[in-house]
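# Working through the structure, step by step
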Amino acid sequence: MAVTKEDVIEFIANMSVLELSELIKEFEEKFGVSAAAPVAVAAAGAGPAVAEVEEKTEFDVILAGAGDQKIKVIKEVRAITSLGLKEAKALVEDAPQPIKEGVTKEEAEEIKGKIEAVGGVIEIK
């Protein structure tokens, strides 16, 4: 009588975890394969489908430089951040410095437009 696949599956299903572990080790030694390889391939294959690219929702607005009109840039930074004159001046003079962090894309673009309109240089990260 020939052994069918169903017989083998039924036999394996009735094995203890320890017996199954030993069987797997014997398969690996006899056939020179690893039971972990198919799992890694399956996980790698499922990765791109599961891990979709998430769109960035929070941005940091960085003042890269003040340009030629530092006083106007300081005034804009004060208006945007509600900093005092001394703090805003220090931020502008110590560029590159973050003006605002964790803002929406729209707010970041608005800040960039205001600062660049007075001659400053902005980076959005």
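Everything here concerns the structure above.
Residues numbered from 1 in each chain as written. Predicted model: local features only at pLDDT ≥ 70, side-chain atom pairs only at ≥ 80, totals over all residues. Heavy atoms only, no water.

### Thoughts on the pairing of strand β1 (residues 59-65)
Among the seven residues in β1, five count as buried, and that is most of the element. Relative to strand β2 (residues 97-103), β1 is paired through four bridges, and the arrangement is antiparallel. What sits directly across from Val61, in β2, is Lys100. In this sheet, strand β3 (residues 121-124) lies alongside β1 in antiparallel orientation, the contact comprising four bridges. Pairing of Val61 across the sheet is with Ile124, part of β3. (Buried < 20%, exposed > 50% of the residue type's maximum accessible area, 1.4 Å probe, protein only. Helix = DSSP H or I, 4+ residues; strand = E, 2+ residues; numbered from the N terminus. Pairing = 2+ DSSP bridges.)

### What about helix α2 (residues 17-31)?
Taking 1.5 Å of rise per residue, 15 residues should cover 21 Å, and α2 covers 21 Å from first to last C-alpha, within 8% of that figure. Directly beyond the C-terminal end of α2, a positive phi value near 65° is found at Gly32. (Expected span 1.5 Å × (residues − 1).)

### A few points about the nonpolar core
Nonpolar side chains in soluble globular proteins tend to be buried together. Formed by 18 residues in total, the largest nonpolar core has its most connected members in Leu63, Val73, Val77, Val92, Ile99 and Ile115. Within the residue set of this core, elements represented by two or more residues are β1, α4 (70-81), α5 (85-93), β2 and α6 (105-117). Broken down by element, the residue count for this core peaks at four residues, all from α4. Those residues in contact with Ile115 that sit more than four places away from it in its chain are Leu63, Val73, Glu76, Val77, Ile80, Ile99, Gly120, Val121 and Ile122. (Core = buried A, V, L, I, M, F, W, Y, C linked by side-chain atoms within 4.5 Å. Contact = heavy atoms within 4.5 Å.)

### Considering a nonpolar patch on the surface
Taken together, the side chains of Val3, Val8, Phe11, Ile12, Leu20 and Ile24 present a nonpolar region at the surface, about 510 Å² in accessible area. For the nonpolar patch, the secondary-structure elements that each account for two or more residues are α1 (5-13) and α2. Looking at which element gives the most residues to the nonpolar patch, the answer is α1, with three residues. (Patch = residues over 30% accessible without salt bridge, like charges linked within 9 Å, V, L, I, M, F, W, Y side chains within 5 Å. Areas by Shrake-Rupley, 256 points an atom, 1.4 Å probe, with all protein chains shown as cover. Salt bridge = Lys/Arg side-chain N within 4 Å of Asp/Glu carboxyl O.)

### Notes on the packing of aromatic side chains
Per the counting criterion, the structure on display carries one aromatic pair. Ring centres of Phe27 and Phe31 lie 5.8 Å apart, and the angle between their planes is 25°; this geometry places the pair in the stacked category. Remark: Phe31 and Phe27 occur in helix α2; sequence separation between them is four residues, near one turn of the helix. Taking relative accessible area as the criterion, Phe27 reaches 41% and is therefore assigned partly exposed. The exposure class of Phe31 is exposed, given its relative accessible area of 53%. (Phe/Tyr/Trp six-rings, centres within 6.5 Å; stacked < 30°, edge-to-face > 60°.)

Note that all results are geometric; they support no functional claim without further evidence.
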